[in-house]
Amino acid sequence: MFEYQAPENLLRDRIILVTGAGSGIGRTAAKTFAAYGATVILLGRTLEKLEQVYDEIEAAGHPQPALVPLNLESAQEHDFVELTNTLEQEFGHIDGILHNASLLGVRTPIESYDPVIWQQVMQVNLNAPFLLTQILMPLLDKAENASIVFTSSTVGRKGRAYWGAYGISKFATEGLMQTLADELETTSNIRTNCINPGATRTQMRANAYPAENPASVASPEDIMPLYLYLMGSDSLEVNGQSLDAQ
Ligand code: NAP
């Protein structure tokens, strides 16, 4: 496990957008960031799930979050522009983005991969994070220092049979992260990195490995140290890295 002990107020006054914040790792990351003082912007496609996370953060007495129901598969440029304008009015800037939402798609050989599912996976896992990052860049630029965190996977570092669009979207995510990190290294105060969560107990993991005992893999809470590290000021000098949460 990545070892890091976050100070209590690590993320105080930081504004952090989390995609896929309604369930799985994103849900835990949003609640954890809030617990360390951040105002989190909860983005996801299922309003009820986002509302539940919102209520839990409020009930815990953490900073009031913001709620953004948005389907990244169908979202268009104007949706992201609208979001940016709202966030600019509300907060003036943002300090971080956790690109966490992803689709698994199907596990099948490339030879028989459904092109429609291919497009869906690429849209949610790669195209939407690209466009969202691009359109939010002016708000990240206004932060004293900002952190963009993409979510990768072991199958995005070495190709593995039957992981299809998902694995390939994660290779591209690593490429997007590296390109952006290199571009921003000397020209801005934005750092860009990837997290590979490793096997983590979520619905996606259960779908990918139905025969696995969920108790045998890490919980989303277990992997939070790396998420906190990359969002907080202890990682100011870390840029262009793909790090393992466990
Ligand atoms: P998960 O439980 O399936 O959660 C995925 C999240 O993404 C959900 O909140 C889901 O919303 C959201 N999402 C999916 N499609 C969306 C769309 N079109 N628009 C907006 N939101 C959408 O997955 P997870 O295991 O927490 O995975 C989180 C990240 O870690 C992903 O990037 C995944 O690739 C990566 N990862 C996970 C593991 C693992 O073992 N769990 C391993 C390596 C990498 P709904 O709840 O509304 O469906």
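The model shown is predicted, which means the values in this text are computed figures rather than measured ones.

A. Representation of the pairing of strand S3 (residues 66-69) in the model. Side chains Ala66 and Val68 project from S3 onto a buried face, and the interleaved Leu67 and Pro69 project onto a face without burial. Here strand S2 (residues 39-44) runs beside S3; their pairing, made up of four bridges, is parallel. The residue of S3 that forms the bridge with Gly44 is Pro69. This β-α-β element, S2 to helix H2 (residues 47-59) to S3, shows right-handed connectivity.

B. Main features of the side chain of Glu174. Position of Glu174 relative to the elements: it lies in helix H5 (residues 164-184). Residue contacts for Glu174: discarding those within four places in its chain leaves Ser152, Gly156, Arg157, Cys194 and Ser242.

C. Spotlight on the sheet that holds strand S1 (residues 15-19). Strand order across the open sheet formed by seven strands is S3-S2-S1-S4-S5-S6-S7, with parallel pairing between neighbours. The open sheet has two edge strands, S3 and strand S7 (242-244), and neither has a second partner. Neighbour-to-neighbour, the strand axes of the sheet open up by a mean angle of 20 degrees, direction not taken into account. Sheet topology places S1 next to S2; five bridges connect them, and they run parallel. Looking across to S2, one finds that Val18 is bridged to Leu42.

D. Expanded view of helix H1 (residues 24-35). Over its twelve residues, H1 extends 17 Å from the first C-alpha to the last, a length consistent with the 16 Å expected when each residue adds 1.5 Å. In terms of burial, H1 is largely enclosed, as nine of its twelve residues are buried. Inspection of H1 places Ile25, Gly26, Arg27, Thr28, Ala29, Ala30, Thr32, Phe33 and Ala34 among the buried residues, and these make up the whole buried set. In this structure, the buried side of H1 is in contact with S1, S2, H2, strand S4 (96-99) and helix H7 (224-231).

E. Spotlight on the layout of surface pockets. Estimates place the volume of the largest pocket at around 1,000 Å³. Forming the boundary of the largest pocket are 46 residues, of which Asn100, Ser102, Leu103, Thr202 and Met204 lie nearest the centre. Those elements that place two or more of their residues in the lining of the largest pocket are H1, S2, H2, H5 and helix H6 (203-208). Top contributing element to the lining of the largest pocket by residue count: H6, with five residues. Residue classes in the lining of the largest pocket are distributed as 18 nonpolar, 22 polar and six charged.

F. Main features of H2. The end-to-end C-alpha distance of H2 is 18 Å, a good match for the 18 Å that 13 residues give at a rise of 1.5 Å each. Listed in full, the buried residues belonging to H2 are Leu50, Val53, Tyr54 and Ile57. Down the axis of H2, the sector holding all buried residues measures 100 degrees, keeping them to one side. Looking at H2, the residues exposed on the side facing more than 90 degrees away from the buried face are Glu48 and Ala59.

G. Structural view of the packing of helix H4 (residues 115-141) against H5. Remark: H4 packs on H5, axes separated minimally by 8 Å, with the N-to-C direction vectors making an angle of 15 degrees. In this view, H4 runs roughly parallel relative to H5, as classed from their interaxial angle. In this structure, H4 meets H5 at a crossing whose hand is right-handed. Where H4 approaches H5, its residues Trp118, Val121, Met122, Asn125, Leu126, Phe130, Thr133 and Met137 are matched on the opposing element by Gly164, Ala165, Tyr166, Ile168, Ser169, Ala172, Thr173, Leu176, Leu180 and Leu184. Residues belonging to the contact of H4 with H5 are distributed by class as follows: 13 nonpolar, five polar and no charged.

H. Spatial organisation of the packing of helix H3 (residues 77-91) against H4. Remark: H3 packs on H4, axes separated minimally by 10 Å, with the N-to-C direction vectors making an angle of 35 degrees. Our pair here, H3 against H4, has a crossing hand that is right-handed. Contacts from Glu77, Phe80, Val81, Leu83, Thr84, Leu87 and Glu88 of H3 reach H4 at Ala128, Leu131, Leu132, Ile135, Leu136 and Leu139. For the contact of H3 with H4, the per-class residue count stands at ten nonpolar, one polar and two charged.

About the thresholds
- Residues numbered from 1 in each chain as written.
- Predicted model: local features only at pLDDT ≥ 70, side-chain atom pairs only at ≥ 80, totals over all residues.
- Heavy atoms only, no water.
- Buried < 20%, exposed > 50% of the residue type's maximum accessible area, 1.4 Å probe, protein only.
- Helix = DSSP H or I, 4+ residues; strand = E, 2+ residues; numbered from the N terminus.
- Pairing = 2+ DSSP bridges.
- Right-handed = clockwise from strand over helix to strand, strands pointing away.
- Contact = heavy atoms within 4.5 Å.
- Axes fitted to C-alpha atoms, helices over the stretch in contact; angles between N-to-C directions.
- Expected span 1.5 Å × (residues − 1).
- 1 Å grid on protein atoms, 1.4 Å probe; cavity = no way out; pocket = protein on both sides within 12 Å on 5 of 7 lines; lining within 4 Å.
- Points joined across faces, edges and corners; volume = space filled by probe spheres on them.
- Nonpolar A, V, L, I, M, F, W, Y, C, P; charged D, E, K, R; others polar.
- Arc of directions from axis to C-beta.
- Parallel < 35°, antiparallel > 145°, perpendicular 65-115°, else oblique.
- Left-handed = near helix turned anticlockwise from the far one by under 90°.

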